[in-house]
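Each chain, written out:
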Amino acid sequence: SVSRAIKPFAEPGRPPDWFSQKHCASQYSELLETTETPKRKRGEKGEVVETVEDVIVRKLTAERVEELKKIIKETQEKYRQLKKDAELIQAGHMDNRLEELCNEIMMWVISLL
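Keep in mind the model is a prediction, meaning the values are calculated, not measured. (Residues numbered from 1 in each chain as written. Predicted model: local features only at pLDDT ≥ 70, side-chain atom pairs only at ≥ 80, totals over all residues. Heavy atoms only, no water.)

**Some points on the side chain of Thr35**
Piece 1. For Thr35, the location among the structural elements is in the loop between helix 2 (21-34) and helix 3 (52-90).
Piece 2. For Thr35, a relative accessible area of 9% corresponds to the buried category.
Piece 3. From its side chain, Thr35 meets the backbone oxygen of Leu31 in a polar contact 2.6 Å long.
Piece 4. With residues up to four places along the chain from it excluded, the contact list for Thr35 reads Val52, Val55 and Ile56. (Helix = DSSP H or I, 4+ residues; strand = E, 2+ residues; numbered from the N terminus. Buried < 20%, exposed > 50% of the residue type's maximum accessible area, 1.4 Å probe, protein only. Polar contact = N/O pair within 3.5 Å; in protein donor to acceptor, adjacent residues only side chain to side chain. Contact = heavy atoms within 4.5 Å.)

Structure below.
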């Protein structure tokens, strides 16, 4: 059921069996094996103790945040370059490279899809 629920959020290029129940279970088992078990704390009743699942969620969330920051930075850099190119085109300084630039832009747009 989890594999079906997360399938719409798939990254392009994943193999068809990536979201099979068997593959999801093996990935989860691997996460459990490679994650350090948090130390149990002695404390009063009602104290929240961090579980292995909490550690995994925190780790994967941090990794995804870093991935998204990288994607945002790359997108911002590409935007700045395209804006600069657009200004040069409007000023008439890039007339000899218009076709090349158009192809670059189209490839970039296609890669975003």
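On we go from here.
**Points about the packing of aromatic side chains**
Piece 1. All chains considered together, the criterion is met by 0 aromatic pairs.
Piece 2. Here Arg14 stacks its cationic end above the ring of Trp18, 4.1 Å away from the centre of that ring. (Phe/Tyr/Trp six-rings, centres within 6.5 Å; stacked < 30°, edge-to-face > 60°. Lys NZ or Arg CZ within 6 Å of the ring centre and 35° of its normal.)

**Section: the UniProt feature "coiled-coil region" (unreviewed entry) in the protein chain**
Piece 1. Here, the residues flagged by UniProt with the feature "coiled-coil region" (unreviewed entry) are residues 58-92.
Piece 2. With 94% helix and 0% strand, the stretch residues 58-92 has end C-alpha atoms that lie 51 Å from each other. (UniProt positions renumbered as here; feature names shortened; annotations may be inferred.)

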